[in-house]
Every structure is written in C-alpha cells, then in structure tokens.
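Topology and contacts: notes
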Amino acid sequence: MNSETELAPAVASILDAARERGGDDETVSVAARSLSDALAQAESDGRVPVIAEVKPTSPTADGTRDDDPVELARAMIDGGATAISVLTEPSHFGGSPEALTRVREAVDVPVLRKDFVVREDQLDVVEADLLLLIVRFVDDLEGLIAAARERGFQPLVEVHDRTELETALEAGAKLIGVNNRDLARLEVDLETFESVAAHVPDDVTLIAESGIGSPADVRRMREAGADALLVGSAIMDHAGGDSDVTENTRRLVNASDGDDQT
Ligand SMILES: O=C(O)c1ccccc1NCC(=O)[C@H](O)[C@H](O)COP(=O)(O)O
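Residues numbered from 1 in each chain as written. Predicted model: local features only at pLDDT ≥ 70, side-chain atom pairs only at ≥ 80, totals over all residues. Heavy atoms only, no water.

By size, the foremost hydrophobic cluster in this structure holds 62 residues, and its most contacted members are Val 50, Met 76, Ile 84 and Leu 229. If you look at the next biggest cluster of nonpolar residues, it comprises 26 residues, including Ile 51, Ala 83, Ile 207 and Ala 228. (Core = buried A, V, L, I, M, F, W, Y, C linked by side-chain atoms within 4.5 Å. Buried < 20%, exposed > 50% of the residue type's maximum accessible area, 1.4 Å probe, protein only.)

Pasting the structure below:
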C-alpha cells in the first residue's frame, strides 16, 4: 500500500473490506481475449473504443440498479461497447465474481475484473481477460503485474498522477488507466487525464477512466490521447432507474461523429 494518507472514508472502508477477502486455493489460468485486437476492431469500425462498466452501485452513485448483469452487458454490446468491465467488489459496489463469470460466458469481447486487489492470492478468484491493479493500493506492483500475467490476465494499471505513472512504467505496465476520480475527495476532474497523458510513452495503451459523461467529454479525452474510455455511471445512469443502457453507450461510442455537441 503506497499511502493511506488522504483517502476518502468510503475508500478507506473499501480497502479494509478488500484486505479481508482471500482467493481460492486453485491458481487461475485464463486464455484471455486480446484488448488490443478489440480496440483495433472498434477503430476500424469507426466506433470510439468504450469499456462499458456493469456497476450496480458505488459510493458516489445516485442509486442502485439491480438489473441482471448479463442483460446489462448485452445491452452495452448492442450499443457498440468494445469491452465490458464488471465490478466484483461486493460490499460497496454490489458486484460479485459470479456476475463476471456469467457476463464473460455471455459475451465475446474482453471482460475486465474491476476490484481492489491488494495481494497475489486475490488474483485467484475468477477468470477475466483484464484485471485492474491500482498503484496506490499495491505494495509490490512489479510482482503483482508478473503474477497477473503468469495467470494470463492483461493487467490494467491505474494511476492518478505523474508520480504513480512513473511507478507503473518502472514496474513494466503496458496498459495504463488514468483515473479522473480523486480517491481523497471522490471528485472527478477530466484535467487529471490530460495532465498525465502527455507523459505516457506511445507504446503504452492508455485508458481514460471515470467522470466521462457526454460525447464532448469523450472527444476531449480522445484529443488528449485516450486509446479507450472506461465508463460506468453515465451508462448505468443509476438515478434514471430503467434508463436505456444501449442508448447511453451508443451516444458515447458515436461521439466522434460530432453530431451531438453536448
Ligand atoms: O465510482 C465510485 O464511486 C468510486 C468510489 C471510490 C473508489 C472508486 C470508485 N469508482 C471506481 C472506478 O474506477 C469507476 O467505477 C470507473 O472508473 C468508472 O467511473 P464512472 O464512469 O465515473 O462511473
């Protein structure tokens, strides 16, 4: 754990819960679906690469959606999503490893396991194509990246500032997400991505995470160098209850058409 100073109470609570969770006895081995192939396919189809997140709730969400995760994921794919992210964190996000397994069986795009993994044994929970590792929460990042790759996962390494970016690069990360959400105050600021992206080497696949709510936000992140966007809240629209997830996804996927100036 890099630093426990200045964490929002909700995040400290998420971390406490994460430390209590263990993995299975059996080591996971996964034949992962390639994210870079999926990104190339989206680009050649003219779709903005969106990783759409099945996110039942969160500390900052305006409600909870208890729709079936498989139906949500299929709706996101219908809207043009390139990959699916599934929360597996149970106590603050309403996720589960079972939901991820069901989604991965139902779709043929890469699926990201979105959780707060802090130790190697926690890798052995569920098969996924991509696995999130958050620099701030991990002590031995290089070791955890290697352990994730040995199991077949493509590790997505999340950073929030330039110092964390350096840590990620030194640890050999090739897929980096810049989280626009500040874990101290849980506020989002798209400038975070812009300030970090400028320092990311070209051979790294770069993902803009959090706070992307409109086609204009999508264009802004793409102009700043995002190869893909991770979007949860704007697609789930927790306050909207039964809001159309397919349409919410499509609006962002088609953002580069420029028709929608919002
Ligand atoms: O989303 C939260 O409220 C949250 C709170 C505390 C720690 C992490 C949190 N979110 C995790 C994520 O990374 C997002 O789910 C993901 O980037 C999508 O963000 P958004 O599009 O803003 O829902």
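Still more ground to cover, so stick around.
Here we take up the packing of aromatic side chains. Summed over the entire model, instances satisfying the criterion amount to 2 aromatic pairs. Between Phe 116 and Phe 137, the ring centres sit 6.2 Å apart and the planes meet at 40 degrees, which makes this aromatic pair tilted. Within this pair, whereas Phe 116 is found in the loop between β3 (111-114) and β4 (130-134), its partner Phe 137 is found in the loop between β4 and α5 (141-150), the two being separated by 21 residues in sequence. For the pair Phe 116 and Phe 137, a shared accessibility class is recorded, and that class is buried. (Phe/Tyr/Trp six-rings, centres within 6.5 Å; stacked < 30°, edge-to-face > 60°. Helix = DSSP H or I, 4+ residues; strand = E, 2+ residues; numbered from the N terminus.)

With respect to burial, strand β1 (residues 50-54) is a largely interior element, 5 of its 5 residues being buried. Neither face of β1 is open: one carries Val 50, Ala 52 and Val 54, the other Ile 51 and Glu 53, and all of them are buried. With 3 bridges joining them, β1 and strand β8 (residues 228-231) adopt parallel strand pairing. Of the residues in β8, the one forming a bridge with Val 50 is Leu 229. Regarding the hand of the β-α-β motif, the stretch spanning β1, helix α3 (residues 69-78) and strand β2 (residues 83-87) is right-handed. (Pairing = 2+ DSSP bridges. Right-handed = clockwise from strand over helix to strand, strands pointing away.)

As a further point, take the sheet that holds β2. The strand order β1-β2-β3-β4-β5-β6-β7-β8 describes a closed barrel built from 8 strands, whose pairing is parallel. Averaged over all neighbouring strand pairs, the angle between strand axes comes to 25 degrees, with direction disregarded. Sheet analysis places β3 next to β4, joined by 2 bridges and oriented parallel. If you follow Arg 113 over to β4, its bridge partner there is Leu 131. The sheet contacts of helix α6 (residues 162-170) involve β5 (154-159) and β6 (175-179), and relative to β5 the element is tilted by about 155 degrees. (Axes fitted to C-alpha atoms, helices over the stretch in contact; angles between N-to-C directions. Contact = heavy atoms within 4.5 Å.)

Pairs of packed helices are described in terms of their axes, by the angle between the two and the distance that separates them. Packing of α3 against helix α4 (residues 97-106) leaves a shortest axis separation of 9 Å and a crossing angle of 40 degrees. When the axis of α3 is compared with that of α4, the two are oblique. Where α3 crosses over α4, the handedness of that crossing is right-handed. Between α3 and α4, the residues in contact are Pro 69, Val 70, Ala 73 and Arg 74 and Ala 99, Arg 102, Val 103 and Ala 106, respectively. Broken down by class, the residue content of the contact of α3 with α4 amounts to 6 nonpolar, no polar and 2 charged. (Parallel < 35°, antiparallel > 145°, perpendicular 65-115°, else oblique. Left-handed = near helix turned anticlockwise from the far one by under 90°. Nonpolar A, V, L, I, M, F, W, Y, C, P; charged D, E, K, R; others polar.)

For residues that are not glycine, phi is negative in most cases, and the peptide bond is trans in most cases. Despite not being glycine, Ser 210 has its phi angle at roughly 75 degrees, a positive value. Looking at the secondary structure, you find Ser 210 in the loop between β7 (205-209) and α8 (215-223). The phi angle at Asp 237 is positive, at roughly 45 degrees, despite the residue not being glycine. Relative to the elements of secondary structure, Asp 237 occurs in the loop between α9 (233-236) and α10 (245-253). On the basis of relative accessible area, Asp 237 is assigned to the partly exposed category, the value being 29%.

Further remarks concern the packing of α3 against α10. It is at 7 Å that the axes of α3 and α10 come closest, and there the two elements cross at 35 degrees. The two elements α3 and α10 meet at a crossing, and its hand is right-handed. Listed contacts from α10 to Leu 72, Ala 75, Met 76 and Asp 78 of α3 are Val 245, Thr 246, Thr 249 and Arg 250. Its residues assigned to classes, the contact of α3 with α10 shows 4 nonpolar, 2 polar and 2 charged.

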